[in-house]
Amino acid sequence: MEHKKTFPQQKLRLHPRNRHRTRYDFEALTARCPALAPFVKPNAWGDISVDFADPAAVKMLNKALLLQYYGIEYWDIPAHYLCPPIPGRADYLHYLADLLADGNGGVIPRGKNIAILDIGVGASCIYPIIGQHDYGWRFTGSENDLISLNSAKMLVEMNPTLRNRVRLRHQKTSRRYFRQYYRHRRTLRRHAVQPAVSWFGGGSASQHPPETAQARQRRVGADAGAKLRREKPRTVVRRGRSGFRRQNSGGKRRQRENCLWFTSLISKLTTLPPLQEALKRADAYDVRIIDMAQGQKISRLIAWTFHNAEQQADWAAERWHNPE
C-alpha cells in the first residue's frame, strides 16, 4: 500500500484554481446582491467586511458568493443549520480534481461522466453546487436528516443548472451508507468518487452543531465547548477502529471495484493515525493526505483507493471517455 503526502504542510493560501483566493470584493458582491449591503461595514481594523460571528451576516455573504461566482439565483438554508465556508469547500473539490487528474494523464476529467456520491449532502447542497459549476460533474447526494434533504431538494429545484445534474436520496440509516447505491450494475459503474464523508466532519448539517462556531460558543459557554472538543476525537477514533474499517472504508469488494476514490475531510490532526491504521487493515492501495488552508486554519483531505495505477487508467478510459 502506498502512502503519499502531497502539497506543503503549512500552505497558507487557497488552491490556485479557487475563486476566493483574494479578499472579498464587497463592492462587487453588494452590487450583485444588494441584500448583503446592510451587513457590510468597517471591522475593528478598519477593513470593510462582515461580522463573521453573526450567522445572518455569514448566510447573506454565502448567498452573495454563490450568486456572483456560481450563478445560484436561489439559495437558503433552514434556521440554525450549518452555513458552510465556501472557500474551504471549493478547495476540497479542487484538490479532488487534482487527484482524479493523476489517473487521467494529468488532465482534470470534466463533464457528466464524472459521477460523485456525496454522503451527507447537507441542507446547503454546497459540494454539488460548486462541483457542477466548476467541473460539470454529476452528483448523487444522500442525507439522513429530512430537513436537510428537503432543503437541498428545494435548492436543486429552484436552480435550473442543478436540476439534471444533482440527484438526492434519503439515507434511512446511519449505517451501511453504500447499500442503496450498489443494487445493480448500472449504479455500480456510475460512481467514480465519494467525497465529504460525514462521519469525519464533512458534509451533512445533521452531523454538525446546527450553528456557527461562534454562536455555539456563546450559547453553551466555554466549559461546555471545551467538553465537546475533548469528546469529538474519541468518537472519531472509535469509528475509525471498528465501524469505519468494516462498513465505510469501501472494504467490501463491490465498493472497492465500483468507487475509484473515497475521500473525507479531517479537521483534527490527531484523528489521522487511527484512520490510516484502519485503511492499512482494509488493504487500501494508495492513501493520500492533502493539507488545505484558509487563513490560519488547517484542515486535511484524506483520500484512499483500492485501484492501482493501471486500473485507474483503465477506469478513465472505460468510464470517463465513453458516452453513457
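Values in this document were obtained by computation on a predicted structure and should not be read as measured data.

Caption draft 1: The arrangement of the overall build of the protein in detail. A tally of regular secondary structure across the protein gives 12 helices and 10 strands. Expressed as a percentage of its 324 residues, the buried residues of the protein come to 52%. In the protein, the share of contacts with a sequence separation of at least 24, taken over all contacts with a separation of at least 6, comes to 72%. Counting every atom, the protein has about 15,600 Å² of accessible surface; 50% of that belongs to carbon and sulfur.

Caption draft 2: Inspection of the pairing of strand E8 (residues 261-266) at higher detail. Burial of E8 is extensive: six of the six residues sit out of reach of the surface. Alternating residues of E8 divide into Trp261, Thr263 and Leu265 and Phe262, Ser264 and Ile266, and every residue in both groups is buried. The sheet contact formed by E8 and strand E10 (residues 297-305) spans five bridges and is antiparallel. Note on E10: the bridge partner recorded for Phe262 is Trp304.

Caption draft 3: Region of interest: helix H5 (residues 146-158). Helix length check: H5 (13 residues) gives 18 Å between terminal C-alpha atoms against 18 Å at 1.5 Å per residue, within 8%. Of all the residues in H5, the buried ones are Ser148, Leu149, Ser151, Ala152, Leu155 and Val156. Down the axis of H5, the buried set is contained in an arc of 165 degrees. They therefore lie on one face. Of the surrounding secondary structure, the elements contacted by the buried residues of H5 are strand E5 (138-143), helix H6 (160-163) and strand E6 (166-170).

Caption draft 4: Structural detail: the nonpolar core. Membership of the largest hydrophobic core comes to 59 residues, with the highest contact counts inside it found for Leu36, Leu66, Tyr70, Trp75, Cys125, Ile129 and Trp137. Looking at which element gives the most residues to this core, the answer is helix H3 (residues 86-102), with 10 residues. Leave out the neighbours within four places in its chain, and Tyr70 touches Arg19, His20, Leu65, Ile86, Ala90, Ile129, Ile130, His133 and Asp134. Among the nonpolar cores identified, the runner-up in size contains 13 residues, and Ile266, Ala282, Trp304 and Phe306 belong to it.

Caption draft 5: Representation of the side chain of Ser151 within the structure. With respect to the element layout, Ser151 can be found in helix H5. By relative accessible area, which is 11% here, Ser151 ends up buried. Looking at Ser151, its side chain comes within polar contact range of the main-chain oxygen of Ala123, at 2.9 Å. If we skip the residues at most four places from it in the chain, Ser151 touches Asp76, Ile77, Pro78 and Ala123.

How each quantity is defined
- Residues numbered from 1 in each chain as written.
- Predicted model: local features only at pLDDT ≥ 70, side-chain atom pairs only at ≥ 80, totals over all residues.
- Heavy atoms only, no water.
- Helix = DSSP H or I, 4+ residues; strand = E, 2+ residues; numbered from the N terminus.
- Buried < 20%, exposed > 50% of the residue type's maximum accessible area, 1.4 Å probe, protein only.
- Contact = heavy atoms within 4.5 Å.
- Areas by Shrake-Rupley, 256 points an atom, 1.4 Å probe, with all protein chains shown as cover.
- Pairing = 2+ DSSP bridges.
- Expected span 1.5 Å × (residues − 1).
- Arc of directions from axis to C-beta.
- Core = buried A, V, L, I, M, F, W, Y, C linked by side-chain atoms within 4.5 Å.
- Polar contact = N/O pair within 3.5 Å; in protein donor to acceptor, adjacent residues only side chain to side chain.

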